[in-house]
Each structure stands twice: as C-alpha cells, then as structure tokens.
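Below are the chains, spelled out letter by letter.
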Amino acid sequence: MLKVGLVGLGFMGRAHLTNYRRLEQEGYPIRVTAICDTDEDKFRGIFAGGNIQVDESNLALSASRHYTDYSRMLEEEELDIVDIAMPSYLHADMTVQAMERGLHVLCEKPMALSTAEGRRMLEAAERSGKKLMVAQVLRFWPEYEYLKETVDSGRYGKVLSAHFFRGGNPPQWTHNDWMVRTETSGGGLYDLHIHDIDMVNWLFGKPDSVSTLALDVLPGSSFDIISTQYVYPDRKVVSSQSDRTLAGEFGFEMSFRVNFERGNLVYEKRVLRDNPGDGKAIVPQLPDEPGYYREIKYFADAVLHDRPIVRAKPEETLASLAIAEAEARSAREGGSLVNIA
C-alpha cells in the first residue's frame, strides 16, 4: 500500500484527492493517509471566498490525518509519496525537504519559478535516489498524447506549423489570491502559459530561440497576455498564445492546430479532428480518463514497480523552465530574439 501525503487543498489539491480516491475505490494499492494545508477551514470543506463545497474529494478528508505544519507531517507520518499542490513559489523548498527524508515527490506545475530552483529539485532527486515528477498534465491528456504520437510516428510527414492557445477568466478562487500575484505564482507565464511551453518542448524539443510579446493586466500580476514565436533549425513555424484576462462568459479554452506535410490536427472546443490531406476528417476515439487521473496513476506505477519516469522527466521540465525564462527576457526587451541556453 502506497501512503501519500497530500500538501495543499486548493482547486488542484482537491482534483488530486478526488483521483486518489478513485484509484483506491478501484482497488489500486494507494491511499492518502495525511493532508497538509495552512488554512484549517479547508478541512471543513470551506474554500476560497468562504464557499462551502461538498464534492468527491471531501469524502476522503475524514479518512486522512490533518496537518497545518508541513515539517510536522513529514516527521510524524510514514509516507511513500508526497504530492505537492501548493503555490508555485513553495515548490522547490517543499520538494527538497521531502526528498531529503527519502520520499518520492509528485509536484504540481510549474516545476519552480526559476531554473536555479528547478536545478535544486533535480539535484535533490539525484542525491536521494527517489523519483521526482512534475505534473505537466498535458503530457497525459489524451488529445495531446494523440498529437505526440502523430508527430513522433511521422505518419503525416514533417511538421510545417503549430499553434497553441490557452485562455480564460481571471483566476479568483485561490487562497489570498496567490495565483494572480507575481511573487507567489510567477504571473500568467508560469501559472498558465507554462502548459503550452512544456508541450512545445515535449513535441519538438528545446527551440534555439524565442521572441515574446506580453502585457501585464491584472493588479499585482505580470505576463497575463502572452504571444511567443519559437525558432527551430528546420524553420517550422511554431507559436503559442495565452490570455488569462478573458472575462464575462468566455469560460476556459485550450486548443491547438498542427499542420503536417500530409494532414493536420485541430483541437478546439474540446473536440479533436484528424484531417488527412487526401481524405475525410475523423474524430478519434480516445481514452475517457482525465489527465489528472492518468498522471497520478503513471507516477504511482513508477513508484510501486520501481520504473523510471519517462513521460515527464524532471530534466525535461527543467528545460521548459529555461524556455520560460527566455520568454520573460524577450518580453521585457519588447520581443527581441533571445537564445536559450
């Protein structure tokens, strides 16, 4: 039985808890035995804004021991895995602390707010010999998996162009508004745009350079609207945009359009269309498990069976941070071309 200590009961922490609960109900040998959050109200089902929520994750609260002190949880509990779903600026220190106690760590994205912090996490994993994975969930999202297979297999030939978009309403559901404050979340660049940065990196590898334009919109935040061009040696045209200021009834949207020599894939409004260059479009039948479930099970399987982390290596998510840093520099310089180390 794998024993998990879940750190953070915000929106993402509850999503993780719901999927641990599902795995447990399915007979998988895993259980969240301890939960840590500095906000005691969350243990009573009261979340940001004073809203009381009753959902599947709350059903698991009573079966776990509760802590408001992370160090105390690590000291008192016998754990196998620590799942960190805390504000981004805490990721590095919490990961290193858990690994120094010999625990495996699944850490929410972004890996950290700088490559220096990300490197500390990677070095701690290497010293401990334990597994570290950053939850870049798009690597486990069925539509993006399908895209990855199409790129890697070459069934439509080379990629000619690719565009990724992610956007939605200004985030208003986080404790003390940490998600909109640059010092705690890194702004829209590290909170939202990092998903598509990591996808570009996963699909095509680290680009030679980037050119980014960005706009600060939300009070106390930065990089809320971003547009980036990625430069590759083969000159394929790759771009991404994110906008977390889309108010009103816009909701949330993530999409991509990738054009190959002999076809294209388009994902929008939660529907993936595969368009062969010489035939009719198809809508592929894909797994119906959510990406959060798939990534948690993947990591748990790696721990349980001592398998290497291949899908989301920490070295790769560190490279995604390097791309993010280059984008930030380019944006500050008005879109200048910035090489990536």
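Structure: see above.
What counts and what doesn't
Residues numbered from 1 in each chain as written. Predicted model: local features only at pLDDT ≥ 70, side-chain atom pairs only at ≥ 80, totals over all residues. Heavy atoms only, no water. Axes fitted to C-alpha atoms, helices over the stretch in contact; angles between N-to-C directions. Helix = DSSP H or I, 4+ residues; strand = E, 2+ residues; numbered from the N terminus. Parallel < 35°, antiparallel > 145°, perpendicular 65-115°, else oblique. Left-handed = near helix turned anticlockwise from the far one by under 90°. Contact = heavy atoms within 4.5 Å. Nonpolar A, V, L, I, M, F, W, Y, C, P; charged D, E, K, R; others polar. Buried < 20%, exposed > 50% of the residue type's maximum accessible area, 1.4 Å probe, protein only. Right-handed = clockwise from strand over helix to strand, strands pointing away. Pairing = 2+ DSSP bridges.

Engineer: Looking at this model, I keep getting lost on the packing of helix α8 (residues 187–204) against helix α10 (residues 314–332). Mind explaining?
Structural biologist: The packing of two helices is summarised by the inter-axis angle and the distance between the axes. Relative orientation of the contacting elements α8 and α10 amounts to 120°, with a least axis distance of 9 Å. The angle between α8 and α10 places the two elements in the oblique class. Considering the relative orientation of α8 and α10, their crossing is right-handed. Packed against α8, whose contacting residues are Leu 189, Tyr 190, His 193, Ile 194, Ile 197, Asp 198, Asn 201 and Trp 202, the element α10 presents Glu 316, Thr 317, Ala 319, Ser 320, Leu 321, Ile 323, Ala 324, Glu 325, Glu 327 and Ala 328 at the interface. Along the lines of polarity and charge, the residues of the contact of α8 with α10 split into 10 nonpolar, four polar and four charged.

Engineer: Can you walk me through the pairing of strand β1 (residues 2–7) in this structure?
Structural biologist: On any regular strand, side chains alternate: one points to one face of the sheet, the next to the other face. Of all the six residues making up β1, five are buried; the element is thus mostly covered by neighbouring parts of the structure. Handedness of the crossover joining β1 and strand β2 (residues 30–36) through helix α1 (residues 11–25): right-handed.

Engineer: What's the story with the sheet that holds strand β5 (residues 65–67) in this structure? I'm lost.
Structural biologist: Reading across from one edge, β5-β2-β1-β6-β7-β8 is the order of the six strands in this open sheet, with parallel pairing throughout. A single partner strand is all that each edge strand has here, and the edge strands are β5 and β8 (132–135). When the angles between neighbouring strand axes are averaged without regard to direction, this sheet yields 25°. Bridge analysis of β1 against strand β6 (residues 81–84) gives four bridges, and the strand direction is parallel. Each residue of the ladder has a partner; that of Gly 5, found in β6, is Val 82. Its contacts with the sheet place helix α4 (residues 91–100) against β1, β6, β7 (104–108) and β8, and it is angled at close to 170° to β7. Sitting on the sheet, helix α9 (residues 291–304) touches β1, β2, β6, β7 and β8, and the angle it makes with β7 is about 165°.

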